[in-house]
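Analysis of the macromolecular model
So the chains spell out like this:
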Amino acid sequence: MLFNSIEFAIFLPVVFILYWFVTSKALKLQNLLIVAASYLFYGWWDWRFLSLIIFSTILDFSIGILLSSQQNELKRKVLLWTSIIINLGLLGVFKYYNWFLDSLYNVIPGLQVIAGFNSLDILLPVGISFYTFQTLSYTIDVYKKSMEPTKDLVEFAAFVSFFPQLVAGPIERANHLLPQFQIRKSFNYAYAVDGLRQILWGLFMKVVIADNCAGFANQIFNNSDNLSGSTLVLGAIFFTFQIYGDFAGYSNIAIGTSKLFGFDLMQNFNYPYFSRDIAEFWRRWHISLSTWFRDYLYIPLGGSRGSKWEKVRNIFIIFIVSGFWHGANWTFIVWGALNALYFLPLLLTNANRTHVGEIAKGKTLPSAKEFLLILFTFGLTVFAWIFFRAENLNHAITYIGKILSMSLFEIPRFNDMRNALILILIVAIFLIIEWNGRGERYSISNLGLKWKKPTRYFFYYCIIGAIFWFGGKEQQFIYFQF
Amino acid sequence: MKIFVVNLTNFFVPFLFFVIIAIAIPVTPRASKSLLFSSEKKNLLLTTVPNPRIIFVGGSNLSFGLNSQIIKDSLGMNPINTSIHASLGLKYMMESTLKYVKESDIIILVPEYSQYHRSINSGSEELMRIIFDVDILNLMDLSIIQIFNIIPYLPKYGMSKFKITEYFNVKESDIYSVNSFNEFGDAVSHWSLPRQEFRPYPQINTKFNPDVIKCIIQFGNELQKKNAILLISYPGFQSTSYNNSHKQIYNVQNKLEESGLFVIGKADRYKIPDSLMFNTPYHLSKNGVDYRTILLIEDISKALKKLDYN
């Protein structure tokens, strides 16, 4: 069930009404409803996927309880690794097995005949990378004794399968989300209204920005051989806004939906395209995944401590793993490695935490220096996204090669130039709104709150109007495939 | 909670009111020139054309890809080209034709390749407009899911009624107009126009939907009850676009052949040279139309012989 579908538009009010009018008296009932609704939401794609999520839930719930009662350190380690191996094993089989086999057979021709292993005809379960990481965080935290395991299976199932963030995050930490299932929720008017506002903005980002940019980005990336370098630059910029609108839009809808049920999810995007260096970009982009890798991979590896060589190694490991997490394709690995290369000079010169506060705080516009830094970082990001979007490495290299040709100086040309110009104008307005709201958790959270009701309503009607006017070309969320 | 529900209702009521009022406004002058309105004439043909009849059902590949006069002259049958636009959806095309089918009609169904790779119930702006602009009774041809799927297009449709350009300075399209069709239902106004530049379609990147075949089989069964015959053909597709999706097209061909449906010809026979296309990978120029029509006549003749059709 997609957030931008008619099914979800029916599903959400029904669950909302049941939650607040039928089950509001008892916590257990509230959690049961969340589990039932989440399984329906997830099973809507393919009911067979449910078996995996149920299996993961039971496995990690049981391991959590066993970990709490076990004092022997060796046995505790065995339990932890059982969870890690099984969870990552499932992820590996569904997501990486075919790619691994194909890559191996490409490197060693003839191996297929000897080994006899063939590719599997399997579907990638939606959101498997997200909920696998979420359940793993629980087991690891219980192992580290940084949280108590839950003894309530329904509560744990609700934590694993909570439908607003099940298929594309934010990847929540057990110690933040799980306790929220332990308190009976009472309705909070202001919180729910804020949630609706965030959903509205998320839908705008997805339907107006991402889906419309997708049309042009796809057109340009799919015909890159026949287009000029300048058009390809524009294609990469369209994709840059597509992926942001798509994923940050999804996150806003997820967080807003959670607020309707009284839940608080972590912020996943913090205006990444206004970053002044790449380290700041990674503190602002897909925050729930970046911090997951930081806490469960980077710091255990030694983080930024140790020798120069160890620092470099750790940075490359974390970025390449992060790239690989996105999918079984060399393009993602190169995208990760490229970001590591961007990051490295900052780390080695101890400049990776130069820009940590709000950008141009208290000012209407950034300074000239800030503006140039933002532009430079944006340029680096756009360049990296080419690898992320390309079909394969060869496509990415040809694409970049074409950009670096003399045709870079030609006037961009592609189908539907008029609509492209309209879209560029909309993206510009979107950027102004984002800049204006950059100190908030989402850009319209405070916009218009002091306006008179009719003006405020008119503003919201304009957003709704834009969603319907520019919508209709429903696209899957990009991150569902991860 | 009560205040929340009341305020939410207060917020949405004006919006809903606006949409309902807008829908109730009569069709705009611009919209009334749309090729969707050709469905009225086409339905009239389905009611009035006498036996022996050969009815073509498909998307714009058929409306922009058939010379029914040659068919009439070669096969001695009365052709009716019902096709308008693929976005109306295969299910709608089949169901809206079914009610007009008479005994011993031959129905040539030509789905476009994209239609094998999307939901049978998918909605579109065109499908919504053929209901709300052309004839609200067309709603009866839709499933509940299709009705749900066209709802998201209604607010935009409503807003379009308030656009000044819908009422003033309305120019009829040279190509896509209600008057672009001949007496058989073929789009002909582009036959005299020069070829236009366009880009080939990239590889089809969505999964084959087996429900499409099931739906066609069901359509065939309904036709059988009316003593009519269903034949399936392949769309005339630009060569470059065909090559980009040859694996997916080959898969479609395999699935159709496995299904037990009466399929005429092979997909690659209808791979049309790029030079014979008009303005999209599915729209053929006059030369392309004649080329494709002759191929189709050969396949239909063979099929009729096999069926011993008189």
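Under an unreviewed UniProt entry, chain B has the name DUF1574 domain-containing protein and belongs to Algoriphagus boritolerans DSM 17298 = JCM 18970.

Chain A carries the name D-alanyl-lipoteichoic acid acyltransferase DltB, MBOAT superfamily in an unreviewed UniProt entry, which gives Algoriphagus boritolerans DSM 17298 = JCM 18970 as its organism. The heading Sequence similarities (unreviewed entry) in the UniProt record of chain A holds the text "Belongs to the membrane-bound acyltransferase family." The Subcellular location (unreviewed entry) comment attached to chain A in UniProt states, word for word, "Cell membrane".

**A few points about the overall build of chain A**
Within chain A one finds 18 helices and zero strands. Scaling as 2.2 N^0.38, a compact globule of 482 residues should have a C-alpha radius of gyration of about 23 Å, and chain A matches this with 23 Å. Expressed along its principal axes, the backbone C-alpha trace of chain A runs to roughly 70 × 70 × 45 Å. Counting only residues that meet the buried cut, chain A has 56% of its 482 residues in that class. Counted over contacts in chain A with a minimum sequence separation of 6, partners at least 24 positions apart contribute 78%. A total accessible area of about 20,900 Å² is found for chain A, and carbon and sulfur atoms account for 67% of it. Of the charged side chains in chain A, 39 are positive and 28 negative; the average position of the first set lies 8 Å away from that of the second.

**Concerning the overall build of chain B**
Looking only at helices and strands, chain B features twelve helices and eight strands. Its C-alpha radius of gyration of 21 Å places chain B within 12% of the 19 Å reference for a compact globule of 310 residues. Each principal axis of the C-alpha distribution contributes one length, and for chain B these read about 70 × 45 × 40 Å. Out of the 310 residues in chain B, the part that is buried amounts to 53%. Counting only contacts in chain B whose residues sit at least 6 apart along the sequence, the fraction spanning at least 24 positions is 83%. Carbon and sulfur atoms make up 58% of the accessible area of chain B, which amounts to about 14,000 Å² in all. Between the averaged position of the 32 positive side-chain charges in chain B and that of its 27 negative side-chain charges there is a distance of 4 Å.

**Comments concerning helix 12 (residues 287-301) of chain A**
Residues and elements named next belong to chain A. The first and last C-alpha atoms of helix 12 sit 20 Å apart over 15 residues, in line with the 21 Å expected at 1.5 Å per residue. At R294, helix 12 shows its largest kink, close to 40°. Among the residues of helix 12, those classed as buried are I287, S288, L289, S290, T291, W292, F293, D295, Y296 and Y298. Looking one or two residues beyond helix 12, the residue adopting positive phi is G302, at roughly 120°.

**Re the interface of chain A and chain B**
Taken together, the contact pairs 28 residues of chain A with 24 residues of chain B. Buried surface at the junction of chain A and chain B, summed over both partners, amounts to about 2,300 Å²; 74% is from carbon and sulfur atoms. At the junction of chain A with chain B, the criterion picks out zero salt bridges. Taken together, the links from chain A to chain B amount to three residue pairs in polar contact (both at pLDDT 80 or more). Looking at the side of chain A that touches chain B, the element that brings in the most residues is helix 18 (residues 453-470) of chain A, giving eight residues. Taken together, the residues of the side of chain A that touches chain B sort by class into 20 nonpolar, six polar and two charged.

**Overview of the UniProt feature "transmembrane region" (unreviewed entry) in chain A**
Under the UniProt annotation, the feature "transmembrane region" (unreviewed entry) is placed at residues 6-22, 51-67, 79-99, 111-133, 315-338, 371-388, 420-437 and 457-472 of chain A. For residues 51-67 of chain A, helix accounts for 100% and strand for 0%, while the C-alpha atoms at its two ends are 24 Å apart.

**Considering unusual backbone geometry**
Residue and element names in this part refer to chain B. Here the bond from N51 into P52 is cis, since omega is -5°, no more than 30 degrees from zero. Mapped onto the elements, P52 comes out in the loop between helix 2 (38-48) and strand 1 (53-58). For N169, which is not a glycine, the phi torsion comes out positive at approximately 55°. The class of N169 is exposed, set by a relative accessible area of 64%.

**As for the packing of aromatic side chains**
Residue and element names in this part refer to chain A. Following the criterion strictly, the structure yields 83 aromatic pairs over all chains and no others. An angle of 70° between the planes, with centres 6.0 Å apart, marks the rings of F8 and F41 as edge-to-face. Separated by 33 residues along the polypeptide, F8 in helix 1 (residues 6-22) and F41 in helix 2 (residues 27-43) bring together distant segments of the chain. As far as burial versus exposure is concerned, F8 and F41 are alike and both buried.

**Topic: the UniProt feature "transmembrane region" (unreviewed entry) in chain B**
UniProt's entry tags residues 12-32 of chain B with the feature "transmembrane region" (unreviewed entry), counted in the numbering of this structure. Helix makes up 62% of residues 12-32 of chain B and strand 0%. Its end C-alpha atoms lie 30 Å apart.

**Here we look at the confidence of the model for chain A**
Within chain A, residue pLDDT values average 89, and 95% of them lie at 70 or more. By mean pLDDT, the top-scoring element of chain A is helix 7 (residues 153-161) of chain A (96), and the lowest-scoring one is helix 5 (residues 111-115) of chain A (65).

Procedures and definitions
- Residue positions are counted from 1 within each chain, in the order its sequence is given.
- Each chain gets a letter, beginning with A, and each ligand a number, beginning with 1, in the order they are written.
- Per-residue local features of the predicted model are confined to residues with pLDDT of at least 70, and side-chain atom pairs are confined, for both listing and counting, to 80 or more; whole-chain, interface and lining totals are unaffected and use all residues.
- As a convention, hydrogens and water are excluded, and side-chain values are obtained from all of the structure's heavy atoms.
- UniProt positions are given in the numbering used here, feature names are shortened, and annotations may be inferred rather than shown by experiment.
- Runs of H or I in DSSP of at least four residues are treated as helices and runs of E of at least two as strands, each being numbered from the N terminus.
- Radius of gyration here uses only the C-alpha atoms, and the compact-globule reference equals 2.2 Å multiplied by the residue count raised to the power 0.38.
- Remark: exposure states derive from per-residue accessible area (1.4 Å probe, protein chains only) relative to the maximum for the residue type, with buried under 20%, exposed over 50%, and partly exposed in between.
- The criterion used for residue contact is that any of the two residues' heavy atoms lie within 4.5 Å.
- Method for areas: the Shrake-Rupley scheme with a 1.4 Å probe, in which residue coverage is limited to the protein chains shown.
- Under the convention used here, Asp and Glu are negative, Lys and Arg are positive, and both His and the chain ends fall outside the count.
- Positions of charges follow a simple convention, taking NZ of Lys, CZ of Arg, CG of Asp or CD of Glu.
- For a helix, the expected span equals 1.5 Å multiplied by the number of residues minus one.
- To get the bend at a given residue, fit one axis to the seven residues ending there, fit another to the seven starting there, and take the angle between those axes.
- As a working definition, buried area equals the accessible area (1.4 Å probe) given up by two parts on being put together, with both sides summed.
- When a carboxyl oxygen of Asp or Glu lies within 4 Å of a side-chain nitrogen of Lys or Arg, that pair is called a salt bridge.
- We define a polar contact as two N or O atoms separated by no more than 3.5 Å, with the added condition that, inside protein, one atom must be a possible hydrogen donor and the other a possible acceptor, whereas residues neighbouring each other in sequence contribute only through side-chain atom pairs.
- Throughout this entry, Asp, Glu, Lys and Arg are counted as charged residues, while Ala, Val, Leu, Ile, Met, Phe, Trp, Tyr, Cys and Pro are counted as nonpolar. The remaining residues, Gly among them, count as polar.
- Aromatic rings from Phe, Tyr and Trp, taking only the six-membered ring of Trp, are treated as a pair when their centres fall within 6.5 Å; an angle between ring planes under 30 degrees marks them as stacked, one over 60 as edge-to-face, and anything in between as tilted.
- Confidence scores per residue from the predictor, reported as pLDDT, run from 0 to 100.

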